[in-house]
Every structure is written in structure tokens, then in C-alpha cells.
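# Working through the structure, step by step
Each chain is listed here by its residues.
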Amino acid sequence: MRTCILIAALSWGPLSCALAPGPRTADLFDDRSYASHDVITRDVAVIGGGSSGTYTAINLRALGKSVIVVEKNNRLGGHTYTYADPSTGVTINWGLQAIYNISAARDYLSLLGVLMGPFQPNPVTRTYADFKTGKPVSAPKSPGFAGYAEQLHKYPYLAYSWDLPSPVPEDLLLPFGKFLTKYNIEGVGYGVYFGGQGCTNILQQLTVNVFKMIDDSYLNSMTGAAMMPVSGNNGELYDKALAILGSDTLLSSTIVASKRSSNHGGVRLIVKSGSGRKLIKASKLVITIPPLLNNLAPFDLDSTERRLFSQWRYSNYFSMLVNNTGLPSGFQFANAVNSSAGTFSIPNLPAPYQITGTRIPGLFYVWYGSPHDMTEAEVKADVTAVIKRLRHTFNSTVTTPPTFVEFRSNTPFKLVVPAQAVTGGFYQELKARKY
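Residues numbered from 1 in each chain as written. Predicted model: local features only at pLDDT ≥ 70, side-chain atom pairs only at ≥ 80, totals over all residues. Heavy atoms only, no water.

Our next topic: the environment of Thr-325. You can see Thr-325 is positioned in the loop between β15 (313-323) and β16 (331-335). For the pair Thr-325 and Ser-253, spaced 72 residues apart in sequence, the C-alpha to C-alpha distance is 37 Å. From its side chain, Thr-325 meets the backbone nitrogen of Leu-327 in a polar contact 3.0 Å long. (Helix = DSSP H or I, 4+ residues; strand = E, 2+ residues; numbered from the N terminus. Polar contact = N/O pair within 3.5 Å; in protein donor to acceptor, adjacent residues only side chain to side chain.)

The structure is reproduced here in C-alpha cells:
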């Protein structure tokens, strides 16, 4: 029985699988190929120091387990980004915005020792515009989420698992646009699209995937059940986590090869870090990076694992901060189209979801989604074109190009599989795998 636990989460790109020159790979799994301080023995090795990986490591430590976290970036935190204005010191969060006020989160934050308060978004005036033309459009209809919640609650098992019944309910496999029409809840479509950013294109997504993203925790957060650190800096969570984990965190490090035992002997991982090559020996392995084949190349996957993981599909999602927009402060420009049959005011992507003023005058958030891979240059070019259209519409006199102060790709985002994989038992087979 192989020793591995796989947790699908978010990450930022593939892990390197190139071995540096040195002893033969077989020898590299031998303790004798390393200095004693480069052999790390732990109960659990956690791959990825984003939200899921950090949460896992902190909770395992609280349970008395020894852990080691391997993170390819030079910080913990995944999609949590904080920007400090150099002139005023004002900080803003331009990735993760808020934390659901649920028991699992509260217990975790207690372990970290982070003082929390209610989420306080920057007050802005929302205006709707078609980003393809820059022209204002009417506000989408918004009857509230009661009808959506009624449908969601038909499937309580979705709240905590992918334990789908067999056969899978037909409604869960409908494209979400058709589901909205079937149950006469079209008015909620735009609200779900705007809240489910990164789930592109949402009208074509399977309804089950939308329900897994816009769930009860999200709906409750809309009524005020959301939190943020009293400091206003979401990065505080990871500063505290790093202080707790200390030397049990390997930053700027990648897995280059692995060897799982077939007789309960655990796993051995070869790690390339700034301080040289290391060997990790762990009883259990928790992988919190997206389980895509390129990410898992350093791991000794068998044919069934490769077949399963090759079925994942994902969205592209980007976060950025932009100044010199020429747009008025205190506004949020939301991308929408004039309502017509089947669109529910929802624009086609790729495009920005929104361009929103921050607490720092002149600085705007931009969140951008695409159903296919895009380069940074392509995204920036499109955002620049949208801003220029909005300038013209809102009578801006600024003519110089906008400046991108920060830019991050959150791709791959929202991993899903096709309907035929869901009906074919993909999630049941994934759960049944014995590692």
C-alpha cells in the first residue's frame, strides 16, 4: 500500500522535475548520500504552503505530529497578497479578501493567534459597463439568493464532500445557464457570476461545480459572516504560521523526485532548495498543489493516477493593481452586458470581472478571468484596452498608459472534470485509491 494523501487545492505553476548533476538518482534516496543535517524525518510532508498546505501543517502540529512544508515560493500564503503604499504605509489585500466565519476557520485562527474582526470592504459606488465597448449598461436584476439557496440545499452532501450518489442527479450535470432557466432563477445569475470569479465561463460550468464554489459559507458571508484580521493585513495569518512552523518550512524549494514504499514504509522525497539538496523521509505525504500531471511529474505516479489526473481542467485567473487609470476614485466598474435571453447580463470571458478603487487614492484592483491559457502580456494588453474605453466613456482627460503596480497569475484555478468523468465515477475512484 503506497503512502500518500492527495488534497486538491490552488497553486501557481509546475514543480521542477530536473535533477541537478550529482550521484545517480537511486543513490539520492539513500541517507548516506547526504550530510546528517540534510536528512529530514517527519510524520507528514506537506507539499505546498498556500492556504490548504499551511492549514494542514498547523493543524497537524496541534495534533502532535511532526511536519515539514515544502513551498516553491519564498513565502507562505498562496493567493494572499498584501500591498503597502510606499508613501503612506496604507496596506491593502489584493488577493484573498475575506475569510468565512465558520468553526474550522475560527479554530485555525485561534491556533495562529490572529485577532479577527468583521470584514470591512472599501466603500465604492458600483457602475456597470460593457467592457468590450466601455459603454454603461443597466444594472442586472437581483432578486436575492433565496431561490438559489433552495436548490443548493437539495444536495447537502456537497457541503463537505464529493460523495455523489449513483446515478448522479441530472440537474447537477446541467450547464449552469440551463439550470437557471429550468428553475426560473435567472435573476440570480449575475450575482453568482460576480461572486464566483475564477469559475469561467460560469454559464457553461456544470451546476455541481458552481454549487461547490458558491456554497452556504459564501451565501452567509454576504450577510456579514466574513472576517479579516483586525490589522487589515491578511498576510498576518502566514507571518504567524511561519513563526510557528519555523525550520519546519522549506521555502524556495521544489521536489525533484520521490519514491513511495509499497509496504507501509512511507515516502522519500528529494528536495532542491537554496541551501542544497535534501532528503525528506515521511510516513505520510499531503499534496496541496493542484494535482495536474505537470505539477506531479516529480512523483512516482502509476498508470491509474496518471489517467485520473489527466482529466482535470482549470480556469485562468489573474489579480493585479493598476494606477494611472484616469478613472474616478471611489468607484467599482463591473463588467456586464445588456440583458438578453440566455446571457443574464453576464459577459463572455476572457475579460476583467471588475476594476475597483482601493483605499489608496488612484490605485485600482483588477481581477481577470479566462477559460483558456493567457500570457501576462496578453492580459495586461486587454486590461489596458478596457481602461482606455472606460476613460472615453467617463470623460477622462488622461492619455498616458495605465501602470501595473502588481500582477499575479492564480492559474490553475478551479479544477473540474467533464460531465462524462463525473458520471463515470471519477470522484469515487479518486477517493477509493489506496496509497
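There's plenty left to go through after this.
Right, let's get into the packing of aromatic side chains. Any pair of aromatic rings gets described here by the distance separating the centres and the angle formed by the planes. Going through the model one piece at a time under the given rule, you end up with 26 aromatic pairs. Their ring planes at 65° and their centres at 4.9 Å tell us that Tyr-55 and Tyr-108 sit as a pair that is edge-to-face. With a gap of 53 residues between them, Tyr-55 in helix α2 (residues 51-62) and Tyr-108 in helix α3 (residues 103-112) connect regions that are remote in the sequence. Taking the relative accessible area as the measure of exposure, Tyr-55 reaches 33% and is therefore partly exposed. With 6.3 Å between their ring centres and 15° between their planes, Phe-176 and Phe-179 make a pair best called stacked. Here Phe-179 and Phe-176 lie together in helix α5 (residues 176-182), a separation of three residues that amounts to about one turn. Residue class for Phe-179 comes out buried when judged on its relative accessible area of 0%. Ring pairing ties together the aromatic residues Phe-145, Tyr-148, Tyr-155, Tyr-157, Phe-176, Phe-179, Tyr-183 and Phe-211, which thus form one cluster. (Phe/Tyr/Trp six-rings, centres within 6.5 Å; stacked < 30°, edge-to-face > 60°. Buried < 20%, exposed > 50% of the residue type's maximum accessible area, 1.4 Å probe, protein only.)

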